[in-house]
Amino acid sequence: MSEPDREPTETPTTSTEEAEEDVQWMTRNWIGIAVVSILSLLLLVIAAMQFTGVINVLSPIADTEGQQWGVFFVLALLVIILGGWSWRAILS
């Protein structure tokens, strides 16, 4: 036998103010996710081009190849931290 329907976990919005707050919350958080995604893809493309030798973007910042990859890994760490922060905002 099937279990009877349970109460919904969230009640539908009844006021326009509450609906507007929900839309603003979703917009702000999903824009954050989109920005992190774009930055991640850009960092991945730059890393691939740096690795193959097509470009040498980090040469003004660091002299040796090891220093350049160190700068790249710091940038990757910042993108990961930003991504974690934006996902935490959505989950809470």
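Reading the values: the criteria
Residues numbered from 1 in each chain as written. Predicted model: local features only at pLDDT ≥ 70, side-chain atom pairs only at ≥ 80, totals over all residues. Heavy atoms only, no water. Helix = DSSP H or I, 4+ residues; strand = E, 2+ residues; numbered from the N terminus. Buried < 20%, exposed > 50% of the residue type's maximum accessible area, 1.4 Å probe, protein only. Areas by Shrake-Rupley, 256 points an atom, 1.4 Å probe, with all protein chains shown as cover. Patch = residues over 30% accessible without salt bridge, like charges linked within 9 Å, V, L, I, M, F, W, Y side chains within 5 Å. Salt bridge = Lys/Arg side-chain N within 4 Å of Asp/Glu carboxyl O. Phe/Tyr/Trp six-rings, centres within 6.5 Å; stacked < 30°, edge-to-face > 60°. Core = buried A, V, L, I, M, F, W, Y, C linked by side-chain atoms within 4.5 Å. Contact = heavy atoms within 4.5 Å.

1. Focus on the overall build of the protein
1) Next: Helices and strands together make up the secondary structure of the protein, namely 2 helices and 0 strands.
2) Next: Sorting the 92 residues of the protein into buried and exposed places 17% on the buried side.
3) Next: Of the accessible surface of the protein, which amounts to about 7700 Å², a share of 66% is contributed by carbon and sulfur atoms.

2. Let's talk about a nonpolar patch on the surface
1) Next: Taken together, the side chains of Ile31, Val35, Leu39, Leu42, Leu82 and Trp85 define a hydrophobic patch exposed on the protein surface, amounting to about 550 Å² of accessible area.
2) Next: Tallying contributions element by element places helix α1 (residues 16-52) first for the nonpolar patch, with 4 residues.
3) Next: Counting through the fold element by element, Leu42 comes out in helix α1.
4) Next: A residue is classified by how much of its surface remains accessible, and Leu42, at 48% relative accessible area, is partly exposed.

3. Some thoughts on the packing of aromatic side chains
1) Next: All told, the structure shown has 4 aromatic pairs when counted by the stated rule.
2) Next: Residues Phe51 and Trp69 carry aromatic rings whose centres are separated by 6.4 Å and whose planes lie at 65 degrees to one another, so their mutual orientation is edge-to-face. Residue Phe51 is located in helix α1, and its partner Trp69 is located in helix α2 (residues 65-91); the two are separated by 18 residues in the primary sequence.
3) Next: Overall, the relative accessible area of 18% leaves Trp69 in the buried class.
4) Next: In this structure an aromatic cluster arises from ring pairing among Phe51, Trp69, Phe72 and Phe73.

4. Examining the environment of Ala34
1) Next: With respect to the helices, strands and loops of the structure, Ala34 is situated in helix α1.
2) Next: The partly exposed category is assigned to Ala34, whose relative accessible area is 36%.
3) Next: For the pair formed by Ala34 and Gly83, sequence separation is 49 residues and the distance between their alpha carbons is 9.7 Å.

5. Let's talk about the nonpolar core
1) Next: Core analysis: the biggest nonpolar cluster contains 7 residues, these being Leu43, Ala47, Leu58, Trp69, Phe72, Ala76 and Val79.
2) Next: Sorting the residues of this core by element identifies α1 and α2 as the ones contributing at least two each.
3) Next: A total of 4 residues in this core trace back to one element, the largest contributor, which is α2.
4) Next: If we ignore the near neighbours within four places in the chain, the residues touching Val79 are Val36, Leu39, Ser40 and Leu43.

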